[in-house]
Amino acid sequence: MSSDQSPNVPDQGDRRQAVREKAQQVRAKQSRARRIRRASLTTAVVAVVGVVAVAVTWTVTSAASKPELSPAHVTEGGFEVTAVKGMIGSDAASVPASTPSPAAGKPTSKPTAPASSPKPSGSATAQAGSVDIRVYVDYLAPGAAQFQSANAAQLTKWVTQKAATLTYYPVAMLTPKSNGTKYSLRAASAAACVATYSSDTFFAYNNALLTRQPDQGSDGLSDQQLADLAIASGAASPKPVRSCIEGEDYASWVKASTDKALAGLPGTKDVALTSAPMILVNGQPYVGALSDPKEFAQFVLTIASDSYYSSASPSPTPSPTATAKN
């Protein structure tokens with residue numbers, strides 16, 4: 001007896017239909033995955049852009065709202081030397097006996113000049129008859145180092161004897177001369193930090209910056225090294241001084257002060273800063289040798305004498321005495 005049954009094999013058309021359905025499922029799955037990836041990427045980009053925008057806005061707002069810091073104990077851009085203690089390195093240890101003092105330019109019979117004698121325009125401790133010495137100093141200028149090394153001793157003597165008032169004006173004319181590190185600007189800012197937080201050691205730090213002056217074209221001292229030097233000079237408040245120096249707190253102030261000095265110097269007649277150092281004695285620029293202390297002392301003596309005699313009042317003429325009649 002024969003059987004007419006067919007084997008249980010899917011039809012060819014059915015197989016093609018199954019393959020198509022499977023392919024459609026795979027494509028749909030891939031499409032969903034692509035949409036998910038695009039959505040995730042878009043979200044991430046938006047988030048990053050938002051963070052950057054917030055950061056930029058905060059930075060700009062902070063910069064705009066942050067006031068320009070000004071140092072303490074400053075008058076017209078300068079710091080008067082109130083003490084000469086704490087000297088390190090090229091200390092002002094002694095002064096030759098032959099070095100004239102500004103006081104020597106006044107008559108011994110009347111040692112104090114009249115109240116109308118020229119006094120430092122920005123000095124809080126100026127003594128009547130004292131000579132006003134102002135030094136505009138760029139800590140990268142070789143001439144500034146020469147002047148300080150040659151004259152630190154006699155400047156110390158004059159300040160101690162109150163024969164002169166001494167004021168330093170940190171400027172930054174040579175900022176581009178330090179291999180891109182802006183040493184001139186940073187050193188001036190550091191000096192302002194010491195004057196603010198440890199004014200009694202300003203002269204010592206000023207001296208140290210000049211006697212340890214780096215070469216032009218080099219990186220100069222780092223902010224950390226500038227702070228270390230301030231501490232070595234005897235800074236009374238090490239933590240605030242270090243924070244101020246390493247933060248370059250007064251860099252903007254130094255820039256503004258330099259611009260003002262280039263436009264004109266206070267207390268002078270049409271004198272502007274043209275180079276550093278620039279030394280003024282009672283408003284008169286010193287043009288002699290920076291490395292010759294005797295020449296500078298003679299200039300100071302001459303200015304002191306001229307100032308005294310130009311301001312002294314003439315002695316009154318005695319009136320005739322009536323002759324008694326018999």
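Residues numbered from 1 in each chain as written. Predicted model: local features only at pLDDT ≥ 70, side-chain atom pairs only at ≥ 80, totals over all residues. Heavy atoms only, no water.

Looking at an unreviewed UniProt entry, one finds the chain named Protein-disulfide isomerase, with Microbacterium mangrovi as its source organism.

Quick word on helix α6 (residues 238-246)
Burial in α6 covers these residues: Val241, Cys244 and Ile245. Across the axial projection of α6, the buried residues extend over an arc of 95 degrees, all falling on one side. Those residues of α6 hidden inside the fold are in contact with α3 (183-197), α4 (202-211) and α5 (223-232). One or two steps after α6, the chain reaches Glu248, where phi turns positive at roughly 50 degrees. (Buried < 20%, exposed > 50% of the residue type's maximum accessible area, 1.4 Å probe, protein only. Helix = DSSP H or I, 4+ residues; strand = E, 2+ residues; numbered from the N terminus. Arc of directions from axis to C-beta. Contact = heavy atoms within 4.5 Å.)

Some remarks on the state of the cysteines
Overall, the coordinates contain one disulfide when judged by the stated rule. Across the disulfide, Cys193 is cross-linked to Cys244 (sulfur-sulfur distance 2.0 Å). Negative torsions about the S-S bond denote left-handed disulfides, and the value of about -75 degrees found for Cys193 with Cys244 makes this one left-handed. With a gap of 51 residues between them, Cys193 in helix α3 and Cys244 in helix α6 connect regions that are remote in the sequence. Here the two residues Cys193 and Cys244 agree in accessibility, since each one is buried. (Disulfide = S-S within 2.5 Å.)

Remarks on the packing of aromatic side chains
Here the structure, examined in full by the defined rule, presents nine aromatic pairs. Here Tyr286 and Phe299 contribute two aromatic rings whose centre-to-centre distance is 5.3 Å and whose plane-to-plane angle is 50 degrees, an arrangement assigned as tilted. Residue Tyr286 is located in the loop between β5 (284-285) and α8 (293-311), and its partner Phe299 is located in helix α8; the two are separated by 13 residues in the primary sequence. (Phe/Tyr/Trp six-rings, centres within 6.5 Å; stacked < 30°, edge-to-face > 60°.)

Concerning the pattern of salt bridges
One pass over the structure, following the stated rule, counts four salt bridges. The salt bridge involving Arg186 is made with Asp223; its shortest N-O contact spans 2.8 Å. Residue Arg186 is located in helix α3, and its partner Asp223 is located in helix α5; the two are separated by 37 residues in the primary sequence. A relative accessible area of 9% places Arg186 in the buried class. For Asp228, the salt bridge goes to Arg242, with nearest N and O atoms at 2.6 Å. Within this pair, whereas Asp228 is found in helix α5, its partner Arg242 is found in helix α6, the two being separated by 14 residues in sequence. (Salt bridge = Lys/Arg side-chain N within 4 Å of Asp/Glu carboxyl O.)

Structural notes on the environment of Ala152
Assignment of secondary structure puts Ala152 in helix α2 (residues 142-160). Sequence separation between Ala152 and Pro293 is 141 residues; the distance between their C-alpha atoms is 9.0 Å.

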